[in-house]
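Here is what each chain is made of, one letter per residue.
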Amino acid sequence: SSYYTNGDESFEFTEVSFYNHDYETCGTPPLQKDYQGTIAKSLTGIQCQPWTSQYPHTHSVTPENYPNSGLGGHNYCRNPDNESNGAW
């Protein structure tokens, strides 16, 4: 994990691995590209950033750049860019 600090706030930036969860609720391992559930926290309990937000982390994984990937105005874990660790 790495950390981002903004003033007095610190955020953990970590990819989420669902290997400890069952396949029916978390998609097909290892990439979990098909995961469309509502998990929105990392395994360490950190709330995930919404896909449409550029705060606290700027990124290019947006609904516009990855259409039909289940991204949108939510913070549910997805793997639109085929991250090797699975949905994040």
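Bringing unusual backbone geometry into the picture now. For residues other than glycine, phi is negative in most cases, and the peptide bonds are mostly trans. Of note, the amide linkage connecting P29 to P30 takes the cis form, showing an omega dihedral of 0 degrees. Relative to the assigned elements, P30 resides in the segment after α1 (23-26). Each neighbour pair has its own omega, and for Y55 with P56 the value is 5 degrees, a cis peptide bond. Note that P56 resides in the segment after α1.

Mapped onto the secondary structure, T44 falls in the segment after α1. Here the side chain of T44 touches S42 through a polar contact of 2.9 Å, side chain to side chain.

Another aspect to go through is the packing of aromatic side chains. According to the stated counting rule, one finds one aromatic pair in the structure shown. With centroids separated by 5.0 Å and ring planes inclined at 70 degrees, the aromatic side chains of W51 and W88 adopt a geometry described as edge-to-face. With W51 in the segment after α1 and W88 in the segment after α1, this residue pair connects regions lying 37 residues apart in the sequence. Each member of the pair, W51 as well as W88, carries the same accessibility label: buried.

Below, the discussion takes up the environment of D34. Mapping D34 onto the fold places it in the segment after α1. With residues up to four places along the chain from it excluded, the contact list for D34 reads G27 and T28. In this structure the side chain of D34 is engaged in a polar contact, spanning 2.8 Å, whose partner is the backbone nitrogen of T28.

On to the side chain of R78. Within the secondary structure layout, R78 lies in the segment after α1. In this structure R78 is buried but unpaired, with D34 as the nearest side chain of opposite charge at 9.9 Å. Within the structure, the side chain of R78 is placed 2.9 Å from the backbone oxygen of G37, a separation counted as a polar contact. For R78, the contacting residues outside a window of four places in its chain are Y35, Q36, G37, W51, S69, G70, L71, A87 and W88.

Rules behind the numbers
- Residues numbered from 1 in each chain as written.
- Predicted model: local features only at pLDDT ≥ 70, side-chain atom pairs only at ≥ 80, totals over all residues.
- Heavy atoms only, no water.
- Helix = DSSP H or I, 4+ residues; strand = E, 2+ residues; numbered from the N terminus.
- Polar contact = N/O pair within 3.5 Å; in protein donor to acceptor, adjacent residues only side chain to side chain.
- Phe/Tyr/Trp six-rings, centres within 6.5 Å; stacked < 30°, edge-to-face > 60°.
- Buried < 20%, exposed > 50% of the residue type's maximum accessible area, 1.4 Å probe, protein only.
- Contact = heavy atoms within 4.5 Å.
- Lys, Arg positive; Asp, Glu negative; His and termini not counted.
- Salt bridge = Lys/Arg side-chain N within 4 Å of Asp/Glu carboxyl O.

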